[in-house]
Structures are given as structure tokens and as C-alpha cells.
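Below are the chains, spelled out letter by letter.
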Amino acid sequence: MAELKIDAVVFDVLGTLVDEPAGLRAGLRALAPPSGTPSPGAGGPGAGGLGAGGLGAGGAPGTVGAAGRAGKADGAESAGPGTERLLLLWQRHIEREQRRVLDGDRPYLPSDLLDREAAGVVAEAAGVEDPAAVEALARSARRLPPWPDTVAGLARIGGGFPLIGLSNASRTALLQLNAHAGLRWHQALSAEDARTYKPDPAVYRLAVTGSGAPPERLLMVAAHAWDLRGAQALGLRTAYVARPVGDPPTAADRFDLHARDLTDLAEQLGLS
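All figures in this text were calculated on a predicted structure; none of them were measured in a lab.

Peer 1: Looking at this structure, how should I read helix H1 (residues 20-31)?
Peer 2: Helical geometry note: an α-helix holds 3.6 residues per turn, so side chains three or four residues apart project in the same direction. Given a rise of 1.5 Å per residue, 12 residues ought to cover 16 Å, and the 17 Å separating the end C-alpha atoms of H1 matches this to within 8%. Among the 12 residues that make up H1, 9 are buried, leaving the element largely enclosed by the rest of the structure. Here H1 has its buried residues at Glu-20, Pro-21, Ala-22, Gly-23, Leu-24, Arg-25, Gly-27, Leu-28 and Leu-31. The backbone nitrogen of Ala-22 has a side-chain oxygen 3.3 Å away, supplied by the residue at the start of H1, namely Asp-19.

Peer 1: Looking at this model, I keep getting lost on the pairing of strand S4 (residues 218-222). Mind explaining?
Peer 2: Walk down a regular strand and you will see the side chains alternate between the two sheet faces. Summarising burial for S4: 5 of the 5 residues are buried, a large majority. Neither face of S4 is open: one carries Leu-218, Met-220 and Ala-222, the other Leu-219 and Val-221, and all of them are buried. Sheet topology places strand S1 (residues 8-11) next to S4; 4 bridges connect them, and they run parallel. Of the residues in S4, the one forming a bridge with Phe-11 is Val-221.

Peer 1: Sorry, what's going on with the sheet that holds S1 here?
Peer 2: Backbone-to-backbone hydrogen bonds join strands into a sheet, with any given pair of strands oriented parallel or antiparallel. Ordered in space as S3-S2-S1-S4-S5-S6, the 6 strands form an open sheet in which the pairing is parallel. Each end of this open sheet is capped by a strand with a single partner; those strands are strand S3 (187-190) and strand S6 (257-259). Strand-to-strand twist in this sheet, taken as the mean axis angle between neighbours without regard to direction, amounts to 20 degrees. Looking at chain direction, strand S2 (residues 163-167) and S3 are connected through 4 bridges and run parallel. When the sheet's bridge partners are listed, Ser-167 is paired in S3 with Ser-190. Along the sheet face, helix H6 (residues 171-181) touches S2 and S3 and points at about 140 degrees away from the line of S3.

Peer 1: Would you explain the pattern of salt bridges in this entry?
Peer 2: Pairing between side chains of opposite charge can happen when their charged atoms approach one another. As enumerated under the stated definition, the model contains 18 salt bridges in all. Note that Asp-193 and Arg-171 form a salt bridge whose closest N and O atoms lie 2.5 Å from each other. Of this pair, Asp-193 sits in the loop between S3 and helix H7 (201-211) while Arg-171 sits in helix H6, and the two are 22 residues apart along the sequence. Through salt bridges with shared partners, a single network forms among Arg-96, Glu-97, Arg-100, Arg-106 and Glu-117.

Peer 1: Whenever I open this one, the side chain of Thr-16 confuses me. Can you help?
Peer 2: By the secondary structure assignment, Thr-16 is in the loop between S1 and H1. Polar side-chain contacts of Thr-16 include one of 2.7 Å to the side chain of Asp-12. Every residue in contact with Thr-16, bar those within four places of it in the chain, is listed here: Trp-147, Val-221, Ala-222, Ala-223, His-224 and Arg-243.

Peer 1: Help me understand helix H5 (residues 150-158) in this model?
Peer 2: Inspection of H5 places Thr-150, Gly-153, Leu-154 and Ile-157 among the buried residues, and these make up the whole buried set. Seen along its axis, H5 keeps its buried residues to an arc of 100 degrees; they face one direction. Exposed side chains of H5 directed beyond 90 degrees from the buried face belong to Ala-152 and Ala-155. On its buried face, H5 is in contact with S1, S2 and helix H9 (262-268).

Peer 1: How do you make sense of the packing of aromatic side chains when you look at a structure like this?
Peer 2: To describe a pair of aromatic rings, you give the distance between the ring centres and the angle between the ring planes. Per the counting criterion, the structure on display carries 2 aromatic pairs. Ring geometry for Phe-11 and Trp-185: centres 6.2 Å apart, planes at 50 degrees, overall tilted. Separated by 174 residues along the polypeptide, Phe-11 in strand S1 and Trp-185 in the loop between H6 and S3 bring together distant segments of the chain. A ring pair is formed by Tyr-108 and Tyr-197, whose centres lie 5.3 Å apart and whose planes are at 40 degrees; its orientation type is tilted. With Tyr-108 in the loop between helix H2 (81-102) and helix H3 (111-126) and Tyr-197 in the loop between S3 and H7, this residue pair connects regions lying 89 residues apart in the sequence. Judged by its relative accessible area of 10%, Tyr-108 falls in the buried class.

Peer 1: Where do I start with the environment of Val-208 in this structure?
Peer 2: With respect to the helices and strands, Val-208 occurs in helix H7. For Val-208 and Leu-236, which are 28 residues apart along the polypeptide, the C-alpha to C-alpha distance reads 8.8 Å.

Peer 1: Whenever I open this one, the packing of H3 against helix H4 (residues 131-139) confuses me. Can you help?
Peer 2: Two measures define how a pair of helices packs: the angle their axes make with one another and the distance between the axes. Where H3 contacts H4, the axes come no closer than 8 Å and their chain directions differ by 130 degrees. By the angle between their axes, H3 is oblique relative to H4. Classified by chirality, the crossing of H4 by H3 is right-handed. Taking contact as the criterion, the partners of Asp-115, Arg-116, Ala-119, Gly-120, Val-122 and Ala-123 in H3 are, on H4, Val-134, Glu-135, Leu-137 and Ala-138.

The rules behind each value
- Residues numbered from 1 in each chain as written.
- Predicted model: local features only at pLDDT ≥ 70, side-chain atom pairs only at ≥ 80, totals over all residues.
- Heavy atoms only, no water.
- Helix = DSSP H or I, 4+ residues; strand = E, 2+ residues; numbered from the N terminus.
- Expected span 1.5 Å × (residues − 1).
- Buried < 20%, exposed > 50% of the residue type's maximum accessible area, 1.4 Å probe, protein only.
- Polar contact = N/O pair within 3.5 Å; in protein donor to acceptor, adjacent residues only side chain to side chain.
- Pairing = 2+ DSSP bridges.
- Axes fitted to C-alpha atoms, helices over the stretch in contact; angles between N-to-C directions.
- Contact = heavy atoms within 4.5 Å.
- Salt bridge = Lys/Arg side-chain N within 4 Å of Asp/Glu carboxyl O.
- Arc of directions from axis to C-beta.
- Phe/Tyr/Trp six-rings, centres within 6.5 Å; stacked < 30°, edge-to-face > 60°.
- Parallel < 35°, antiparallel > 145°, perpendicular 65-115°, else oblique.
- Left-handed = near helix turned anticlockwise from the far one by under 90°.

Shown next as C-alpha cells:
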């Protein structure tokens, strides 16, 4: 493959740089759901898989889920079955409501407000009525741990290229996510500025406009194939980074780079 000629690297955040399910599990454990919490079941929010990170699992852009999919990330084994059912209920609510925004079935609502909705749904299912507990659960979506290679990987890649964070998280949530996980950017952009969610092209245009570079000179990095497809449709170059909760590429996907982690990505970009 010919050498990539890029001016900046654009990173997805949720699922790619931070372990979203692990942070939500911590919030759910603090909620202390009673034993025997009922499963969301078939009558609950639609099965799919967006999660706060965005949409798309294997199919056409717009199906959500990889970013928030429970998967086998750290913490899953120690979480009880009640916690896992409540996590799924949270993810399905976020998935459905982001999908409704993209489909024009409801006005845009920032991710922190969707998190409050999801926290209310989960608390009701867990039999928790304390408003302070519900608010604490909602805020757990902003306290997500970074993957082990994230901070050092960003520093290494940032030594060679300007770094842009591009997230479905709201401006307020993104600020707190960055602070909690120790993420350092040259520029952080929220889908709230486009008043929609990825994979809507308007979100990726924020990076194009903010960088002042043509799309083909930007490299979009994500653990979600649906996200990379959205960026690719606008002309951005693409790099898939494997994560336990990501949305792997299909045989039909043609991304420019495939990396095991950020260390591997840095090496592929020629950064020592």
C-alpha cells in the first residue's frame, strides 16, 4: 500500500480510547440493583447495538451498537448477571434514541441528556427511586477508564501529527471524559456542534472544517467499522484499531490501516 499522506489524525473516543462498558458497569454496581433484576427482554428497547459511542454494527451505516456493546472487556467477568442485564438495557435505550434522531423521529438531544434518560430507565428497572442515585448513574457515562495503551499512544502519535477528537459525546460530556481519562488533544470536537450523531456526514465535516485540510488528508481512527464507513464515505482515510468492545470490519470493508492497538498504529505511521 502506498504511504499515507495525512495532515492530522482524527480519533473516535467512546470504545476506541475509553472502555465505555467498564465505566457504566461501575456506575451500575454503585446503584446496587437488587438481586433478581428482570431482564430487559424482547419487549424492551430494540436489539441492536449503538451505545453512546454511535451507530452501526456490521450492516449499513446507521445501525448502532459496537461502541457500547458489552463484549468481554475488563470487568465483564466480575459483573453480576443483574448488572449485565441493566447494561444492555442502557445500551438499547441509547441506541434506539440516537437512531430516532438520525431518522428525524425526534429532535436532537445531546448525549448527556440521553444518558439521563437511560439512567432513569435503568433505575426504574432496578427498583431505585432515589434521584441522587439516578443522577450519579447518569454521570458514570462521563467517568470511563482509558484503555491501557491510550494515553501513551496519543502522546506518541501526537508527536507526529495534530490530534483531533471527534465524538458523539456532548461538549460537556466530552470535556469530563477527556479530563477523567487523561486524553490530550490539539482539538476536541463534539457531534453536538452538528446537532446529530455519527455516522451522519455532518459530524465528520466538523473535522474537515476544523482542520482546514481536505478529507483525504485526514486519517479517521476508530474501533468501530460503522464509524470508519461513515468517515470513508466523506473521503477520509481510515484506520481500524481492535478493541474488545469494538465493531470489527467485515470482509467487504477496505480500510487503509488495521492496527492491534495504538502502539501498532504509531509504528505503521512511522512514529518511533
